[in-house]
Amino acid sequence: MALGSACRNPEQIAPEERRAIADSLSALVVQAYDFSQPDAPDRLLALYPESGRVISAVAGRVTTTRDTLAGEIRGFWQRVGQNMRDPRFVLGSTYVDLITRDAAVVTLTYSIPHLTPRNTPHVVSGAWTMLWRRQGGQWRIVQEHLSDTPESTAPGAPASVADSTHDHSH
């Protein structure tokens, strides 16, 4: 038995370990987007490595450095996030593909129902694909692409809402 496990492919990942990693990655996203907690921009930025290249494709633009990404996240929070009243992050369909024990691709859908500053119901939603890498024992997003749902088809969003909170730059 010991010989059999010694010869096993080290990249072969047991189903239980796959589930545990998938659950961990989903939990990191949900925790970062818990808008009931303070310091949302810092929590969102904590999903990414503290140094090195981070590629983020959002709203037709690509950034490649953590500093630029930090500016995008803080800008989104100032323009949109802080104006959302009672926002709630709702995780939709989630697909996780483990590449190795230390790399995974996650694609998910999400929605953030909230009220605008005028107390009008509104929803920010979309799809998000992330390449996660475990670095120093911590999972971090090293590459991502966000695709907003067009406002007219956003779940729960009235077609006539004209508000700046639809600008989901991150």
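A brief look at the structure comes next. Quick caveat: nothing in here was measured; it's all calculated off a predicted structure. (Residues numbered from 1 in each chain as written. Predicted model: local features only at pLDDT ≥ 70, side-chain atom pairs only at ≥ 80, totals over all residues. Heavy atoms only, no water.)

A look at the overall build of the chain
The secondary structure content of the chain amounts to four helices and six strands. Starting at the N terminus, the α and β elements of the chain follow one another as α-α-α-β-β-α-β-β-β-β. A fraction of 56% describes how many contacts in the chain between residues 6 or more apart in sequence connect residues 24 or more apart. Here the chain has roughly 9300 Å² of accessible surface; of this, 52% comes from carbon and sulfur atoms. (Helix = DSSP H or I, 4+ residues; strand = E, 2+ residues; numbered from the N terminus. Contact = heavy atoms within 4.5 Å. Areas by Shrake-Rupley, 256 points an atom, 1.4 Å probe, with all protein chains shown as cover.)

Concerning helix α4 (residues 66–79)
The terminal C-alpha atoms of α4 lie 20 Å apart, and with 14 residues this matches the ideal 20 Å at 1.5 Å per residue to within 8%. Burial in α4 covers these residues: R66, L69, A70, I73, G75, F76 and W77. Where the residues of α4 are buried, they touch α3 (40–45), β1 (53–58), β2 (61–65) and β6 (138–148). (Expected span 1.5 Å × (residues − 1). Buried < 20%, exposed > 50% of the residue type's maximum accessible area, 1.4 Å probe, protein only.)

Notes on helix α2 (residues 15–32)
Taking 1.5 Å per residue, 18 residues should reach 26 Å; α2 reaches 26 Å between its end C-alpha atoms and fits that length. Buried within α2 are the following residues: I21, A22, L25, S26, V29 and A32. Along α2, the residues classed as buried sweep out an arc of 135° about the axis, all on the same side. Summarising the geometry of α2, the exposed residues directed more than 90 degrees from the buried face are E16, D23 and Q31. For α2, the secondary structure elements touched by its buried residues are α3, β3 (90–100), β4 (103–115), β5 (121–135) and β6. (Arc of directions from axis to C-beta.)

Focus on the side chain of R140
With respect to the helices, strands and loops of the structure, R140 is situated in strand β6. In terms of polar contacts, R140 uses its side chain to reach the backbone carbonyl oxygen of A46, at 3.4 Å. Apart from the residues lying within four places of it in its own chain, the contact partners of R140 are A46, L47, Y48, P49, L131, W132, R133 and Q135. (Polar contact = N/O pair within 3.5 Å; in protein donor to acceptor, adjacent residues only side chain to side chain.)

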